[in-house]
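# Reading the structure
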There are 4 protein chains.
Amino acid sequence: MKAVRLHAYGQPPVVEEVAEPAITGPHDVIVRIGGAGLCRTDLHIIEGQFRDKSGITLPYILGHENAGRVQAVGSAVSNVVVGDTVIVHPQISCGFCRACRAGDDMHCSHAAFPGMDTDGGMAEFLKTSARSVIKLDASMDPADIAALADAGITAYHAVKKAAPHLYPGARAVVIGAGGLGHIGIQCLKALTPAEIIVVDRSRAALDLCRKWGADYTVLAEGSQVATVREITGGRGAEVVLDFVGEGNSLVDGVGMLKRAGSYYLVGYGGQLVVPTIDIIASEISFVGNLVGTYNDLVELMTLTSQGKVTLYTRRYPLEAANEAIHDLESGQLRGRGILVP
Amino acid sequence: MKAVRLHAYGQPPVVEEVAEPAITGPHDVIVRIGGAGLCRTDLHIIEGQFRDKSGITLPYILGHENAGRVQAVGSAVSNVVVGDTVIVHPQISCGFCRACRAGDDMHCSHAAFPGMDTDGGMAEFLKTSARSVIKLDASMDPADIAALADAGITAYHAVKKAAPHLYPGARAVVIGAGGLGHIGIQCLKALTPAEIIVVDRSRAALDLCRKWGADYTVLAEGSQVATVREITGGRGAEVVLDFVGEGNSLVDGVGMLKRAGSYYLVGYGGQLVVPTIDIIASEISFVGNLVGTYNDLVELMTLTSQGKVTLYTRRYPLEAANEAIHDLESGQLRGRGILVP
Amino acid sequence: MKAVRLHAYGQPPVVEEVAEPAITGPHDVIVRIGGAGLCRTDLHIIEGQFRDKSGITLPYILGHENAGRVQAVGSAVSNVVVGDTVIVHPQISCGFCRACRAGDDMHCSHAAFPGMDTDGGMAEFLKTSARSVIKLDASMDPADIAALADAGITAYHAVKKAAPHLYPGARAVVIGAGGLGHIGIQCLKALTPAEIIVVDRSRAALDLCRKWGADYTVLAEGSQVATVREITGGRGAEVVLDFVGEGNSLVDGVGMLKRAGSYYLVGYGGQLVVPTIDIIASEISFVGNLVGTYNDLVELMTLTSQGKVTLYTRRYPLEAANEAIHDLESGQLRGRGILVP
Amino acid sequence: MKAVRLHAYGQPPVVEEVAEPAITGPHDVIVRIGGAGLCRTDLHIIEGQFRDKSGITLPYILGHENAGRVQAVGSAVSNVVVGDTVIVHPQISCGFCRACRAGDDMHCSHAAFPGMDTDGGMAEFLKTSARSVIKLDASMDPADIAALADAGITAYHAVKKAAPHLYPGARAVVIGAGGLGHIGIQCLKALTPAEIIVVDRSRAALDLCRKWGADYTVLAEGSQVATVREITGGRGAEVVLDFVGEGNSLVDGVGMLKRAGSYYLVGYGGQLVVPTIDIIASEISFVGNLVGTYNDLVELMTLTSQGKVTLYTRRYPLEAANEAIHDLESGQLRGRGILVP
């Protein structure tokens, strides 16, 4: 089959022929990929940022944002059958450890993460596990929703953690109106009564946010912190959701936060640097967010089927993976890039 | 009356005669101080760290950790009468704003903080408010429990926030076995079934921790992170309570934290510096802690009266304030220093 | 002034002249009533159901659902000034007890409840406390929003307690599409992503629910339990909100509840009768709901000003109080009855 | 092998020879029983109370409270090996449904409950699943801890749900000082700072409670409600844990509950009957409790290994099952009866 494989850090991946995966364990599921999302994390993987964390030996297939149709199942699989349309939770969890049993499968002690530490889904077929597939309505086109498998769930998960702080009258600042941000805005709208303030450098991106539910849009042209404080009556926002996590976003975001507020980190790349006296004196919190649970993804698919969350995507043939990567890197890719084998 | 007043940042405060406070409002309460605790925050105030945050004009009276007996009350006060033994919550809250009504009076929109932004309790008398005094059993000696008004409540508040994460089998690391730390250990023991690991540079301080309830003590001599990881089966602790907040404590503490763990900042002075990728990849949180609520202090006084929390103190006459300050600064003060007018 | 006073249980109240209230305490606030809602609880009071609970001596003025403009304030009042438009939280709380300080002022240890245990607002003027008034935009007509002061806040409070159980895909059953129910539906829509199933005996009431946000309406004509179970895939709903609380509603509602579901009691009058084995075997909960907190009412007023909650009312002159009572008793009053002095 | 089988409701079970269970599925685990607890639920099963709920065809083997050593495992089992000492969670859960993935495996959509709806553990061997076994230290005697598998976990689970309400100064009433109650008291002591009030009809049972951590003991001789109200300053307790659930316990328990208090039902047999006005006016809750999760049992085993929870048991040979049943029915069995094959 064709697959997009990384051969060397810092080099573009290669689209090439590889052997198809085969069922070897009782819980294996092989998915014929209908769409594989391209994520900023793929860029970070290619750069080598996860070299030590993932520990994988090159080459391997990229792609952790997958949907398609079930091609084959192992002997003990009973939750899906061949032909089912599925979205693939990005992590393979064990179901036996404390985290899996506590509703926190993202912290599974024996997890694998295809596309990160084992072969992923930028290919014709992906091998995953029965625990990772969610059956969808047959009418759904996998390429339309593949990006929910990672970008979507990550935004949803962070919003769900923030929701208990967002009572009527509270404000949520969304930093970054890109792929994750526009899902985050829709999730905020679906789950909370908060007023939503979106901050971005792009006027065009901000304009699109209005229809997704933004109450205020703030262009990041220098005075964004002051503008947010003004909107919030001088006090700042109860919640900041940072989908950028690098450059000025962190310093800006802390400046937009209210006393006792909570800062949700989703984007990454930069450093969090805050004097402890400022953390203590205003009793603020910083909360990391990592993808989301299987149930989170089920809930997000429910919002999608209810029409409350929609994605903005651009399709590329699998062979054009490096063109998509180039478009994402150079800021020319609006919406989420989806590779279609 | 005699009072300890700060006349200039960077200079020792002066013990001098000042006018006694008088009842001017219907909710005023004047307390004859029986004990005023000396806190590391007083050193930070003297250094000028709070110059901008507090906005007070010098000179003023220090002291935010106070207990004593009610000397006079305003016309609308009904919760205490003259002669009552009281501990004084360090903040004067309004009772009307959203935070006060939401059980979060530390974030009162109209608060005053005697000893920080108005005259404090290192004096013969302190003027506070009916909302800030907690009536105690007459048999209690104010000098024995004054330090609970700030050091105690701060440790209690942080532990109470951490408690939901501390199931049987979970571990809490306490960094710093000093004034706050030893209260924190006792509160952990009273509120949670967690195993407690205490880290400190002083062997003598660690030895005392055993009787307060520490399950493990780790000398901070270089290999403390490795030792804590070993105690926790290589995974780190669910909770880190950092009562130091400067120097190596932050880097060490992050290294001791488990995936999905929570880091409670209580001590301050240094900077929190963490790459965002590390916050995201392990989904950890950093939680600021600021004193605690009135109800927190009531609960802590209950633990104290039940014998579950005891304080280790050293008394100085009010006139010896600068001796106490010197002892605290130079590390010669074991336990909490209490000024007794 | 004119007022509606209850002289004897079981007898219609009397509209008569009484002395106007006067400021006597520092926190007193006198409100010129713009609208006083009529509530099913008023019928229960007249019937004598609260005779022992309230302990009040007759005659006294009814009316616990009030809004208007500030007429006079006591010496210590600073949160409102004469002329302000206000809605009146139905309870006068102390601000000093544990419950008030814990964000749970409905359980104030020293509360008064005008219209229940002291003179209420079915009159030209009401005496309440500074702690009970919420300042509104001057453009609001008190008669439009008075019913939020009790009916509204009660529905909101119950929905807010239920919200954490209502993830995308979960269902909430609303029993009773009347005065409280229609606010409950709007609050569910504003706060949660749940699918809403409304059950009522009146086809006309159900039809109105569609525009407020009901996803399903079920006529209570005998097969309502089976219908709800069918809608919920045979499993029942995660949440039942019972705004009736008498007759068949309780038995029906328990039959509509999913394993591990929660049943929120708002309406009252009947008895809850459930075999303990059924409570244990399905691990269900029954949760009482009493009005709501001051902050709840602030939040509900925010939803109202955002256009997310609207009321359906019918106005009567104060003199026509008994006509309104008759209409409510006989089922001829659709929407909430508001007395306008 | 020998097994205790129920042949007819209302008749004593029969100890007889049956075929040993065999591994048939990849996740099967066969446990050589070291101890099988006898539970009041077994009496209810024999009486036929679960006839409709369980739907099982007689005869079948009783016993849902089991511990022992692993005898054989299916092909896909990796969490235990032959010879391991294990306690058996009473339910076999699927690991795939929403409840299992949400940390609530007791509400698994595809559960089996050996001893209730399939063959149980009052036998030489029990067939269960890899998901249900918890590996213990080899030094533990299964007969010493078997009763934790149901009685223990049920008490623990209820206490864990109650714990967030139990701040320092709060009170928990334990109704019933028997098999579950004495574990409940120890769990309250381990997890919360609450004061514990135990109510029972037996002076001897109450005397034993003192050493397990009861702060007050109240003999149920008629004035128990008044006594509890007196102990609680007239206000009642924040939490009532009812391990009886029949006879007067429910009416008594409601009378002992504070405004806004929570009532945890564990025992069953009687009916909960409360006027809805009383539930609303005091805003109380009734919470059902069903066994507990796998993680709950792991946590309880941790408390046991830490010496914080100990069991009081009496052993019988498997052949003496009916003698044990008789002793339990007639009130002659103090502590938990354990059948040892």
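The preceding data block contains the structure.
Given the structure is predicted, the values throughout are model-derived calculations rather than measurements.

## Brief notes about the overall build of chain A
A count of helical and extended segments in chain A gives 12 helices and 17 strands. Computed over C-alpha atoms, the radius of gyration of chain A comes to 20 Å, within 12% of the 20 Å expected from 2.2 N^0.38 for 341 residues, which places it in the range of a compact globule. Along the three orthogonal principal directions, the C-alpha set of chain A runs to about 60 × 40 × 40 Å. Within chain A, contacts between residues at least 6 apart in sequence are counted, and of these 67% link residues at least 24 apart. When the accessible surface of chain A is summed, it comes to about 11,800 Å², and 49% of that surface belongs to carbon and sulfur atoms. The average position of the 29 basic charges and that of the 36 acidic charges among the side chains of chain A differ by 5 Å.

## Topic: the interface of chain A and chain D
Listed as interface residues are 15 residues of chain A and, on the opposing side, 15 residues of chain D. Summing both sides of the interface, chain A and chain D together bury roughly 1,500 Å²; the carbon and sulfur share of this comes to 46%. The interface formed by chain A and chain D holds 2 salt bridges in total. Of the charged contacts in the structure, one is a salt bridge between arginine 98 of chain A and glutamate 299 of chain D, with a shortest N-O distance of 2.9 Å. Linking chain A with chain D are 8 residue pairs in polar contact (both at pLDDT 80 or more). Put simply, the parts of the chain that give the side of chain A that touches chain D at least two residues each are helix 3 (98–101) and helix 11 (294–305) of chain A. Taken together, the residues of the side of chain A that touches chain D break down into 5 nonpolar, 5 polar and 5 charged.

## Here's the deal with the sheet that holds strand 2 (residues 14–17) of chain A
Residue and element names in this part refer to chain A. A sheet is described by the order of its strands in space; here 3 strands give the open sequence 2-1-4, paired in antiparallel fashion. Two strands lie at the open edges of the sheet, namely strand 2 and strand 4 (60–61), each paired on one side alone. Sheet topology places strand 1 (residues 2–6) next to strand 2; 4 bridges connect them, and they run antiparallel. The residue bridging valine 4 from the neighbouring strand is valine 15, located in strand 2.

## Brief notes about the pattern of salt bridges
A pair can form between side chains of opposite charge whenever their charged atoms are brought close. Taken as a whole and assessed by the stated rule, the structure comprises 64 salt bridges over all chains. Residue arginine 171 of chain A is joined to glutamate 195 of chain A by a salt bridge in which the shortest nitrogen-to-oxygen separation is 3.0 Å. In this pair, arginine 171 of chain A sits in strand 9 (residues 171–175) while glutamate 195 of chain A sits in strand 10 (residues 195–200), placing the two residues 24 residues apart along the sequence. Of the two residues, arginine 171 of chain A and glutamate 195 of chain A, both sit in the buried class. Aspartate 278 of chain A serves as the salt-bridge partner of lysine 53 of chain B, at 2.9 Å between the closest nitrogen and oxygen.

## Here's the deal with the packing of aromatic side chains
Across all of its chains, the model carries 8 aromatic pairs over all chains by this definition. Between phenylalanine 50 of chain C and tyrosine 268 of chain C, the aromatic rings sit 6.0 Å apart at their centres with planes inclined by 90°, giving edge-to-face as the arrangement. Residue phenylalanine 50 of chain C is located in the loop between helix 1 (40–47) and helix 2 (51–54), and its partner tyrosine 268 of chain C is located in the loop between strand 13 (257–265) and strand 14 (271–275); the two are separated by 218 residues in the primary sequence. Residue phenylalanine 50 of chain C shares its accessibility class with tyrosine 268 of chain C, and that shared class is buried. In this arrangement the basic side chain of arginine 101 of chain C is found over the ring face of tyrosine 294 of chain B, its NZ or CZ atom lying 3.4 Å from the centre. Between arginine 131 of chain C and the ring centre of phenylalanine 96 of chain B, over which it is positioned, the NZ or CZ distance is 5.9 Å.

## Quick look at the interface of chain B and chain A
Taken together, the 40 residues of chain B in the interface contact 40 residues of chain A. A buried area of about 3,200 Å², summed over both sides, lies between chain B and chain A, and 56% of it is on carbon and sulfur atoms. Three residues, Thr276, Ile280 and Glu283 of chain B, lead the burial of chain B against chain A; their summed loss comes to 21% of the area buried on that side. At the boundary of chain B and chain A, one finds 27 residue pairs in polar contact (both at pLDDT 80 or more).

## Some details on the relation of the copies chain A and chain D
There are two copies of the chain, and a rotation about an axis plus a shift along that axis relates them. Mapping chain A onto chain D is achieved by rotating through 180° and translating by 0.0 Å along the same axis, at an RMSD of 0.0 Å. Here the symmetry operator amounts to a two-fold rotation axis. Of the C-alpha atoms belonging to chain A, the one lying closest to the rotation axis is found on glycine 103 of chain A, 2.1 Å away. Interface residue correspondence from chain A to chain D reaches 100%, placing this contact among same-surface, isologous pairings.

## Quick look at unusual backbone geometry
Here the amide bond leading from leucine 58 of chain B into proline 59 of chain B is cis, since omega sits at -5°, within 30 degrees of zero. Along the chain, the position of proline 59 of chain B falls in the loop between helix 2 (51–54) and strand 4 (60–61). In this model, alanine 260 of chain A sits at a positive phi of 65°, which is unusual for a non-glycine residue. On the secondary structure map, alanine 260 of chain A appears in strand 13 (residues 257–265). The backbone of valine 291 of chain C sits at a positive phi, close to 45°, despite the residue not being glycine. Within the element layout of this structure, valine 291 of chain C appears in the loop between strand 15 (285–288) and helix 11 (294–305).

## Some remarks on the relation of the copies chain B and chain A
With an RMSD of 0.0 Å, the fit of chain B onto chain A corresponds to turning through 180° and sliding 0.0 Å along the axis. When the interface residues of chain B are mapped onto chain A, 100% of them again fall at the interface, so both copies present the same face.

## Notes on the packing of helix 5 (residues 151–162) of chain C against helix 11 of chain C
Geometrically, a packed helix pair is captured by the angle between its two axes and the distance between the axes. Residue and element names in this part refer to chain C. Look at helix 5 against helix 11: their axes get within 9 Å of each other, and the N-to-C directions meet at 100°. Put simply, helix 5 runs roughly perpendicular to helix 11. The segment helix 5 lies against helix 11, with Gly152, Ile153, Tyr156, His157 and Lys160 engaging Asp296, Leu297, Glu299, Leu300 and Leu303. Its residues assigned to classes, the contact of helix 5 with helix 11 comprises 5 nonpolar, 2 polar and 3 charged.

Rules used throughout
- Residues numbered from 1 in each chain as written.
- Chains lettered and ligands numbered in written order.
- Predicted model: local features only at pLDDT ≥ 70, side-chain atom pairs only at ≥ 80, totals over all residues.
- Heavy atoms only, no water.
- Helix = DSSP H or I, 4+ residues; strand = E, 2+ residues; numbered from the N terminus.
- Rg over C-alpha atoms; globule rule 2.2 N^0.38 Å.
- Contact = heavy atoms within 4.5 Å.
- Areas by Shrake-Rupley, 256 points an atom, 1.4 Å probe, with all protein chains shown as cover.
- Lys, Arg positive; Asp, Glu negative; His and termini not counted.
- Charge placed at Lys NZ, Arg CZ, Asp CG, Glu CD.
- Buried area = accessible area lost by both parts, 1.4 Å probe.
- Salt bridge = Lys/Arg side-chain N within 4 Å of Asp/Glu carboxyl O.
- Polar contact = N/O pair within 3.5 Å; in protein donor to acceptor, adjacent residues only side chain to side chain.
- Nonpolar A, V, L, I, M, F, W, Y, C, P; charged D, E, K, R; others polar.
- Pairing = 2+ DSSP bridges.
- Buried < 20%, exposed > 50% of the residue type's maximum accessible area, 1.4 Å probe, protein only.
- Phe/Tyr/Trp six-rings, centres within 6.5 Å; stacked < 30°, edge-to-face > 60°.
- Lys NZ or Arg CZ within 6 Å of the ring centre and 35° of its normal.
- Least-squares fit on C-alpha atoms with pLDDT ≥ 70 in both.
- Axes fitted to C-alpha atoms, helices over the stretch in contact; angles between N-to-C directions.
- Parallel < 35°, antiparallel > 145°, perpendicular 65-115°, else oblique.

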